[in-house]
Amino acid sequence: MKEYVYCAIYLLKECNMKQGLTLNHVCDILLQRTIITSEQHQRILAEKDLQIKRLEKINEISANGNGTRYDVLPSDIVAAFNLTIQHDGMEAPLNEEKVMREVAAGLGIPFKKIDPLELDLEVVTKTLPKNFAIKNLAVPISRDSGELKVAMVDPLNEELISDIMRVSSLKISPVVSTKSDIIKLIREFYGFKRSIVLAEQELVSPLVDLGNLEQYSKLKSVN
């Protein structure tokens, strides 16, 4: 854990990043790892504003359906260019997952492909509030020996890590995941948790309004 934190702090200082992972930093990592070319690096940075506007419009339309609007991330921008890369002698798309895997490798932080079947509902939903998870795109995925493993899209966000540490009173071990996987996990787990709570409330509530039933009986006897 300390190695991850030291690595993140070093990179923050080197890249003058005050708000964690930026598009410039992501592109630099992809270039250094020979995932993209210098020309592609320049193109992404030159045309980023157009892609951001397009993605924000898509987000706005999507938000009208479920009421949740997520920020456009560096991985979204890079993936939106639909670039292809060489992988095992074949062309492959530079998608969101590939971008985040390479970012994780460049930072020296583990990447985690989230599998909901491996996770504990209570760990995910009871450690952090849903609104916090949505806002920060960060979810706890395991808890062991006083350490909380948290999947996040921005492992360089020191303030976020400090907040989670303060709320949970646990050591935080960040892992990199995709925005898509984290959003899917939030929707499935917090939605399922809410369904359970509502079901429990229905079970403890009277199935029949006894007050109304008594009034109905009195009226019936009068008639």
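Residues numbered from 1 in each chain as written. Predicted model: local features only at pLDDT ≥ 70, side-chain atom pairs only at ≥ 80, totals over all residues. Heavy atoms only, no water.

Turning our attention to the sheet that holds strand 3 (residues 138-144). Spatial ordering of the open sheet is given by 3-4-5, a layout of three strands whose pairing is mixed. Among the strands making up the open sheet, the edge pair consists of strand 3 and strand 5 (171-176). With direction set aside, neighbouring strand axes in the sheet form an average angle of 30°. The pairing of strand 3 with strand 4 (residues 147-152) spans six bridges and is antiparallel. Of the residues in strand 4, the one forming a bridge with V139 is A151. (Pairing = 2+ DSSP bridges. Helix = DSSP H or I, 4+ residues; strand = E, 2+ residues; numbered from the N terminus. Axes fitted to C-alpha atoms, helices over the stretch in contact; angles between N-to-C directions.)

In this section: the confidence of the model for the protein chain. As a general rule, the predicted coordinates of low-pLDDT regions are not to be interpreted in detail. In the predicted model, the protein chain carries a mean pLDDT of 81, and the fraction of residues at 70 or more is 75%. Across residues 1-18, confidence stays below pLDDT 50; counting only partners more than four residues off in sequence or on other chains, it has 24 contacts. When the criterion is pLDDT under 50, residues 194-220 qualifies, and its contacts beyond four places in sequence or with other chains add up to three contacts. (pLDDT = per-residue confidence, 0-100. Contact = heavy atoms within 4.5 Å.)

The subject of this paragraph is the nonpolar core. Ranked by size, the top nonpolar core spans 31 residues in total, and within it V139, I164 and L185 carry the most contacts. Only helix 7 (121-127), helix 8 (130-136), strand 3, strand 4, helix 9 (158-168), strand 5 and helix 10 (179-204) provide two or more residues apiece to this core. Top contributing element to this core by residue count: helix 10, with six residues. Setting aside anything within four residues of it in sequence, one finds L185 in contact with I114, L119, V124, V139, I141 and Y190. (Core = buried A, V, L, I, M, F, W, Y, C linked by side-chain atoms within 4.5 Å. Buried < 20%, exposed > 50% of the residue type's maximum accessible area, 1.4 Å probe, protein only.)

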